[in-house]
Amino acid sequence: MNISYLFLALGIIFEAIATTMLKLSQGFTKLLPAGLMVLCYGVSFLMLSLTLRKVEVSVAYAIWSGVGTALIAMIGILWFKEPLTAIKIGSIALIIMGVIGLNLGGGVH
């Protein structure tokens, strides 16, 4: 496995944690989640920048944002009890198919 994709996976995980903390900060009224959000977004962007040393920006960013979006949607459904609809399921499936397509098309240089 290319180390760049490990950095990318870590970036996605930290981005999802940061976005979850953003929700938990309740409009920046809760300081601990707000502070963790800033820290986790910083780590996420650091990991993304390390990824970009070897992976094309179009592929890395599409995977980072797409997988992050799908992960946040799942966190919203499972943790925050947001409704699961057919539209959400189909949309997440399309995101995943797009990420697979980008990976099949290459992207490491």
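This text follows the structure it describes.
Small disclaimer: the values here were computed from a predicted structure and weren't measured.

**Q** Can you walk me through the overall build of the chain in this structure?
**A** Scanning the chain for helices and strands turns up 4 helices and 0 strands. Counted from the first residue to the last, the chain has its helices and strands arranged as α-α-α-α. The C-alpha extent of the chain, read off along each of the three principal axes, is 45 × 35 × 20 Å. Within the chain, the fraction of its 109 residues that count as buried is 31%. When contacts within the chain are restricted to residue pairs at least 6 apart in sequence, long-range pairs at least 24 apart make up 68% of them.

**Q** Got a minute to help me understand the packing of aromatic side chains in this structure?
**A** Any pair of aromatic rings gets described here by the distance separating the centres and the angle formed by the planes. Applying the stated criterion across every chain yields a total of 3 aromatic pairs. Note on Phe45 and Trp64: the rings are 5.4 Å apart at their centroids and 50 degrees apart in plane angle, and the pair reads as tilted. Pair noted here: Phe45 is in helix 2 (residues 31–51) and Trp64 is in helix 3 (residues 57–78), with a separation of 19 residues, a long-range link. Residue classification places Phe45 among the partly exposed residues on the basis of a relative accessible area of 47%. Note on Trp79 and Phe80: the rings are 5.4 Å apart at their centroids and 5 degrees apart in plane angle, and the pair reads as stacked.

**Q** Where do I start with the packing of helix 3 against helix 4 (residues 86–104) in this structure?
**A** Two numbers describe a pair of packed helices, the interaxial angle and the distance between the axes. For the pair helix 3 and helix 4, interaxial distance at closest approach is 9 Å and the crossing angle is 155 degrees. The angle between the axes of helix 3 and helix 4 places the two elements in the roughly antiparallel class. By crossing handedness, the relation of helix 3 to helix 4 is classed as left-handed. Only Lys88, Ile92, Ile95, Val99, Leu102 and Asn103 of helix 4 make contact with helix 3, whose side of the interface consists of Ala62, Ile63, Gly66, Val67, Thr69, Ala70, Ala73 and Ile77. For the contact of helix 3 with helix 4, the residue count by class is 10 nonpolar, 3 polar and 1 charged.

**Q** Any chance you could explain a nonpolar patch on the surface here in plain terms?
**A** Residues Ile3, Leu6, Leu10, Ile13 and Ile17 make up a contiguous nonpolar surface patch of roughly 390 Å² in combined accessible area. Position of Leu6 relative to the elements: it lies in helix 1 (residues 3–24).

Definitions and limits used
Residues numbered from 1 in each chain as written. Predicted model: local features only at pLDDT ≥ 70, side-chain atom pairs only at ≥ 80, totals over all residues. Heavy atoms only, no water. Helix = DSSP H or I, 4+ residues; strand = E, 2+ residues; numbered from the N terminus. Buried < 20%, exposed > 50% of the residue type's maximum accessible area, 1.4 Å probe, protein only. Contact = heavy atoms within 4.5 Å. Phe/Tyr/Trp six-rings, centres within 6.5 Å; stacked < 30°, edge-to-face > 60°. Axes fitted to C-alpha atoms, helices over the stretch in contact; angles between N-to-C directions. Parallel < 35°, antiparallel > 145°, perpendicular 65-115°, else oblique. Left-handed = near helix turned anticlockwise from the far one by under 90°. Nonpolar A, V, L, I, M, F, W, Y, C, P; charged D, E, K, R; others polar. Patch = residues over 30% accessible without salt bridge, like charges linked within 9 Å, V, L, I, M, F, W, Y side chains within 5 Å. Areas by Shrake-Rupley, 256 points an atom, 1.4 Å probe, with all protein chains shown as cover. Salt bridge = Lys/Arg side-chain N within 4 Å of Asp/Glu carboxyl O.

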